Amino acid sequence: MRALTPYSFIIPALLFLGIFLIYPMFTNLLYSVERVDVGGLLTGVTPFVGLQNYQHVLGDPQFRSSVIILLIFTATCVTFQFIIGFLLALLFKDRFPLSGPMRGVLMVPWLLPMVVSGTIFKWMLQLQNGLFNYVLLSAHLIHQPIAWLDDPHIALAGPIIANIWIGIPFNMALLLAGLQSISPSLYEAASVDGANLWHQFWRITVPMMRSQILAVLVLGIILTSNVFDLIYIMTGGGPVNATTTVPIYAYQSSFVFYDLGSGAAATVLLFIVLVIIASIYIALLNREEVRS
Amino acid sequence: MNSSSTPPLEIMRDLGTNVAHGKLSRRTFFERAIALGVSTSVAASILAACGGSGSSGPVTLSLWHALALPDPNIDQLYKDFHSAFPNLSVQATYYSYNDLYTKIVPAAAAGQLPDILNIDNPNHQAYSSQGILADLTSKISSWGQASNYYKGPWSSTLWQGKNYGVPFESNCLAIYYNVDMFNAAGLKPPTTWDELRSVAKKLTTNGVYGYSMSLVKSEEGTFQFLPFLWQSGADLSSLDSPAGISALQLLVDILNDGSMTKDVLNYTQQDSITQFIGGKAAMSMNGPWQLPGLKKGATFKYAVAPLPVGTQAANVLGGENWTISKTSQHVDEAWTFIQWTQGVAELTKFDIADGRLPTRSDIAQNPTWQNDPYLSVFIKQFPDAKARAYGPNYPKMSAAIQTAFQSALTGQSSAAAAMQQAASIVKPLLP
């Protein structure tokens, strides 16, 4: 009995994980190898179809295009969020007048609901009366208004801009915490040795921040790959399919066409890729710990 | 008694339902029975069959809908119903349009559907075929009012010869136009495709587009595109016919003339009317639900014209239907509610108060609509309004059509190639 006592303490946590994570993930995995349509959901008869859903999804040109769109979206967003977030973190590392309130204001995009941000950006990017075109035209940077969200060749730029804006505070906050953990004595010693700021950045800041940088990048990739609401609100995946990423594709399969099996297969494929990325991160992290 | 054609037992059964729902006292019920020459023992057995010993407990009917909020008139409808049937009340829950339809199927699978569902009519057949909804065929045939409804709305409640609901509201589209701009240019509202194109072009000036509509990648876009397809004489089975291609080509031409902004690809119908109210568009293809907003917002003179005619007149039918879920424990009570809302007096009162168009042609003769310069334009087009009744695979067909008009309007493919691509997807899905 006594040996069981410790286990009883972890029951709440286990229940939480079981109900909200393991069960849905398992169900999703199960759906991906079954034919699940509305009739099946109602009757509970969802026949096993092996890898048929995966074959269907992988053979669907629209899925392949959604993978490419997702890659462009994620790579661009993560790169810019990271660079801008890092620069801001370097700025706010040192205290200066009003640095506290300014840092607070910069967190606002992270706190706003996606629905609000998405709607506001959709308005600002309108062809006719949008703020972006108004400013660019007034400054004579462009001569014709840009069809930000209506031209399939550039429509992805809209959600990318909005998502970068949203993601910067997250990057900044995590990197700032890392920067503040580096002992000032390292920089002092370096400047005594004659290292300039450029050298200090590459020889001290970056190596000392390696694990934070890795964490920010991996989390950024995972969070960005799963962005759904922002794109759904701004473009709904259009025009044509120019902004249909894998999550939008999965949503469409599952809840517009009620082909829940294919929708589940698409999310499982995305999940596998993200698990691989996360495993590489963990492996690198372990190596890091061994080295230090 | 006035209803000489109805057999007495039938009348007693109806009265029995009223007793069961607390609308009629048992005493009155038996008095009527005697008046009709029905023996008290037969009357008592009818009453028992109606589940009405008069003491059946109160029933609360749950109802889901995606109708715009707040709507005091529909709240009043529920209240009036409760006054008429003190034992019955309605508990309505609102969901946003998309939420409602992503919720229905999982809720059906979990046996959690409400008693009554108010659903958009293009989705109706899908739910009927999936077995989510209660079959109301026998109730409706004994009610005997089906022939009073417009054909379009009624057809959307049918699936494979069975009836799964009753229209709640119907609407269709028309061209809103800015009378001041038309007068200044000396123009009349367009009546044909050619006129639509030329009038739109003439009205396009700096900062003002001649024409506006919604061609967004959602059902709203399909809703606005279909009238043109049907006006061309084509249908979903003939998207790639020369007629079908000409419908899309017309919109491409209007866009390339510069008479319509590329923003229409991301405009909802609300966005389109906002441009119109803001004086940025001289015409907007839109529905009657925009009238209250226009009355409040427009600072210029506006009017409504019927849709232009291609090779034939055609319009699209919008609106919602009342349905009852198959899993409801209170199908009879839910039907009592629906039937009550469809009574001539109740329906007329509600439709007028709420600014909705009648679904019944007998009610549409009411002078309130016939004399209204705006609403009468919509009502007169009802006979040409087609329902999106293409079976359970309609969402996939709609998505293919959206891809077609969006790729042609963005110049990714020609109108012909876009329609051929859509036709190859749609044809195998047709019922």
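Here the structure is a predicted model, which means the values were calculated and not measured.

(A) Summary view of the packing of aromatic side chains. All names here are of chain B. Using the criterion set out here, one finds 37 aromatic pairs over all chains in the structure. Judged by centre distance (5.4 Å) and plane angle (55°), the ring pair of Phe-81 and Trp-340 falls under tilted. Here Phe-81 is found in helix H4 (residues 72-84), whereas its partner Trp-340 is found in helix H15 (residues 331-341), with 259 residues between them in sequence. Exposure class is identical for Phe-81 and Trp-340. Each is buried. Relative to Trp-335, the ring of Trp-143 lies with its centre 5.5 Å away and its plane at 90°, an arrangement referred to as edge-to-face.

(B) A look at the interface of chain A and chain B. The partner chain B presents 29 residues to the 30 residues of chain A that form the contact. Ranking the residues of chain A by area buried against chain B places Leu-42, Asp-150 and Val-240 of chain A at the top, with a combined share of 24%. Along the contact surface separating chain A from chain B lie zero salt bridges. Of all the secondary-structure elements, those providing two or more residues to the side of chain A that touches chain B are helix H2 (38-43), helix H13 (229-234) and helix H14 (246-256) of chain A. The element that contributes the greatest number of residues to the side of chain A that touches chain B is H14 of chain A, accounting for four residues. Residues belonging to the side of chain A that touches chain B are distributed by class as follows: 16 nonpolar, eleven polar and three charged.

(C) Layout of the pairing of strand S8 (residues 283-286) of chain B. All names here are of chain B. Side chains Met-283 and Met-285 of S8 all project onto a buried face; the interleaved residues Ser-284 and Asn-286 project onto the opposite face, where all are buried too. With four bridges joining them, strand S7 (residues 174-178) and S8 adopt antiparallel strand pairing. Residue pairing across strands places Ala-174 opposite Asn-286, the latter belonging to S8.

(D) Highlighting the sheet that holds strand S9 (residues 302-305) of chain B. Residues and elements named next belong to chain B. Spatially, the three strands line up as an open sheet ordered S8-S7-S9, and their pairing is antiparallel. Sheet topology places S8 and S9 at the edges, where each strand pairs with a single neighbour. Within the sheet, the average angular offset between the axes of one strand and its neighbour, ignoring direction, is 25°. Taken together, the four bridges between S7 and S9 define a ladder with antiparallel strand orientation. From the neighbouring strand, Tyr-176 faces S9, where its bridge partner is Val-304. Running over the sheet, helix H13 (residues 269-277) touches S7, S8 and S9 and is turned about 155° from S8.

(E) Up close: the nonpolar core. Among the nonpolar cores identified, the biggest contains 59 residues, and Tyr-211, Leu-215, Phe-225, Phe-228, Leu-248 and Met-283 of chain B are the most heavily contacted of them. Among the nonpolar cores identified, the runner-up in size contains 35 residues, and Cys-77, Phe-82, Phe-92 and Leu-149 of chain A belong to it.

(F) Quick peek at the pairing of strand S3 (residues 116-120) of chain B. Residues and elements named next belong to chain B. Counting buried positions over the five residues of S3 gives five, a clear majority of the element. Two strands pair when backbone bridges link them, and S3 and strand S11 (residues 320-324) are joined in this way by five bridges, in the antiparallel orientation. If you follow Ile-116 over to S11, its bridge partner there is Ile-324.

About the criteria used
Residues numbered from 1 in each chain as written. Chains lettered and ligands numbered in written order. Predicted model: local features only at pLDDT ≥ 70, side-chain atom pairs only at ≥ 80, totals over all residues. Heavy atoms only, no water. Phe/Tyr/Trp six-rings, centres within 6.5 Å; stacked < 30°, edge-to-face > 60°. Helix = DSSP H or I, 4+ residues; strand = E, 2+ residues; numbered from the N terminus. Buried < 20%, exposed > 50% of the residue type's maximum accessible area, 1.4 Å probe, protein only. Contact = heavy atoms within 4.5 Å. Buried area = accessible area lost by both parts, 1.4 Å probe. Salt bridge = Lys/Arg side-chain N within 4 Å of Asp/Glu carboxyl O. Nonpolar A, V, L, I, M, F, W, Y, C, P; charged D, E, K, R; others polar. Pairing = 2+ DSSP bridges. Axes fitted to C-alpha atoms, helices over the stretch in contact; angles between N-to-C directions. Core = buried A, V, L, I, M, F, W, Y, C linked by side-chain atoms within 4.5 Å.

The quantities given are spatial measurements derived from coordinates; they are silent on function.
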